[in-house]
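# Tertiary structure, described
Chain by chain, the residues:
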Amino acid sequence: QVQLVESGGGLVQAGGSLSLSCVVSGGTFSRYNMGWFRQAPGKDREFVGAITWNSRLAYADSVKGRFTISKDSAKNIVYLQMNDLKPEDTAAYYCAASTFPAYRDDYSYEYWGQGTQVTVSS
């Protein structure tokens, strides 16, 4: 059974930084494309970024240059470093794991964490 557990959310002022972590257990971490998604109240879930099984990176235009994804394959952890946060970044953030190639699409992800809330005040 594959489990993903996010941590690191919280309340931060605009311009501040937060680092999210996602620990993966019960699966073969090296096989997964790992994605980060977010969902704000009343909005659809949206792609934030991903790191593929072979460490290729992809980001949404809205976070490019501000957010950085990395992973520690020895610890089965993926990170989302968020800098220069804006109020519009406020959302529940989810990590997800996929063995399918369409890593920008949430429907391709087989496993999801429970989410962690990020709130950015202006």
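Residues numbered from 1 in each chain as written. Predicted model: local features only at pLDDT ≥ 70, side-chain atom pairs only at ≥ 80, totals over all residues. Heavy atoms only, no water.

## A look at the packing of aromatic side chains
Rules: Between the rings of Phe, Tyr and Trp (Trp by its six-membered ring), a pair exists once the centres lie within 6.5 Å; its type follows the angle of the planes, with under 30 degrees stacked, over 60 edge-to-face, and the other angles tilted. The helix and strand labels rest on DSSP assignments: H or I over at least four residues marks a helix, E over at least two residues marks a strand, and numbering proceeds from the N terminus. Lysine NZ or arginine CZ positioned within 6 Å of the ring centre and within 35 degrees of the ring normal marks a charge as sitting over the ring.
Inspection of the entire model under this criterion finds five aromatic pairs. Considering the side-chain rings of Phe37 and Trp112, the 5.2 Å spacing of their centres and the 50° angle between planes classify their relative orientation as tilted. Residue Phe37 is located in strand β4 (residues 33–39), and its partner Trp112 is located in strand β10 (residues 111–112); the two are separated by 75 residues in the primary sequence. Among the aromatic residues, ring-to-ring pairing joins Phe37, Phe47, Tyr109 and Trp112 into one connected group. Here Arg45 stacks its cationic end above the ring of Trp112, 3.9 Å away from the centre of that ring.

## Description of the state of the cysteines
We count it as follows: Only a pair of cysteine sulfur atoms within 2.5 Å counts as a disulfide in this structure description. Buried residues are those whose accessible area, probed at 1.4 Å on protein chains only, stays under 20% of the maximum for their type, while exposed residues exceed 50% and partly exposed ones sit between those limits.
In the structure shown here, the tally under the stated rule is one disulfide. Residue Cys22 pairs covalently with Cys95 via a disulfide, S to S 1.9 Å. Measuring the twist about the S-S bond at about 55°, one finds the Cys22-Cys95 disulfide to be right-handed. Linking Cys22 in strand β3 (residues 18–25) with Cys95 in strand β9 (residues 91–98), this pair joins segments that are 73 residues apart in sequence. Here Cys22 matches Cys95 in class, with each residue buried.

## Focus on the environment of Val23
This is how it is decided: It only takes one pair of heavy atoms within 4.5 Å for two residues to be counted as in contact.
Secondary-structure assignment places Val23 in strand β3. Linking Val23 and Asn54, residues 31 residues apart in sequence, is a C-alpha distance of 18 Å. In this structure, Val23 is in contact with Gln3, Leu4, Val5, Asn76 and Ile77, ignoring residues within four places of it in sequence.

## Looking at the sheet that holds strand β7 (residues 67–72)
For clarity, the cut-off: Pairing between strands is defined by DSSP: at least two bridges between them are needed. Note on geometry: axes are lines fitted to C-alpha atoms, helical ones only across the stretch in contact, with angles between N-to-C directions running from 0 to 180 degrees.
Pairing is antiparallel in the open sheet, where four strands are placed in the order β1-β3-β8-β7. Since the sheet does not close on itself, it has two edges, and those belong to β1 (3–7) and β7, each with one partner. In this sheet, neighbouring strand axes are inclined to one another by 15° on average, regardless of whether the strands run parallel or antiparallel.

## Looking at the environment of Leu57
Inspection of the secondary structure puts Leu57 in strand β6 (residues 57–59). Each C-alpha atom of the pair Leu57 and Ile69 lies 7.4 Å from the other, and the pair is twelve residues apart in sequence. Contacts of Leu57, omitting those with residues within four sequence positions, involve Ala50, Ile51 and Ile69.

## Re the nonpolar core
Our working rule: In plain words, nonpolar cores are sets of buried Ala, Val, Leu, Ile, Met, Phe, Trp, Tyr and Cys residues tied together by side-chain atoms within 4.5 Å.
Core analysis: the largest hydrophobic core is formed by 36 residues, its most contacted members being Met34, Trp36, Leu80, Met82 and Tyr93. If you list the elements that add at least two residues to this core, you get β3, β4, β5 (46–51), β6, β7, β8 (77–82), β9 and β11 (116–121). Here Leu80 is in contact with Leu18, Ser19, Leu20, Trp36, Val48, Phe67, Thr68, Ile69 and Tyr93, once residues within four sequence places are set aside.

## Some details on the side chain of Asn33
Put simply, the rule reads: The definition of a polar contact used here is a pair of N or O atoms within 3.5 Å, where within protein one atom must be able to donate a hydrogen and the other to accept one, and adjacent residues in sequence count solely through side-chain atom pairs.
Tracing the chain through its elements places Asn33 in strand β4. The buried category is assigned to Asn33, whose relative accessible area is 4%. Reaching out from Asn33, the side chain makes a polar contact with the backbone nitrogen of Trp53 at a distance of 2.9 Å. Beyond its immediate stretch of four places on either side in the chain, Asn33 contacts Ile51, Thr52, Trp53, Ala96, Ala97, Ser98, Phe100, Pro101, Tyr103 and Tyr109.

## Focus on the pattern of salt bridges
Between side chains of opposite charge, a pair can form when the charged atoms approach closely. Rule in force here: By definition, a salt bridge exists where a carboxyl oxygen of Asp or Glu is found within 4 Å of a side-chain nitrogen of Lys or Arg.
Counting across every chain of the model gives five salt bridges. One salt bridge connects Asp89 with Arg38, and the closest N-O pair in it is separated by 2.9 Å. Here Asp89 is found in the loop between β8 and β9, whereas its partner Arg38 is found in strand β4, with 51 residues between them in sequence. Take Asp89: its relative accessible area is 0%, and that puts it in the buried class. Arg38 gets classed as buried once you look at its relative accessible area, which sits at 5%.

Shape is all these values report; function is a separate question.
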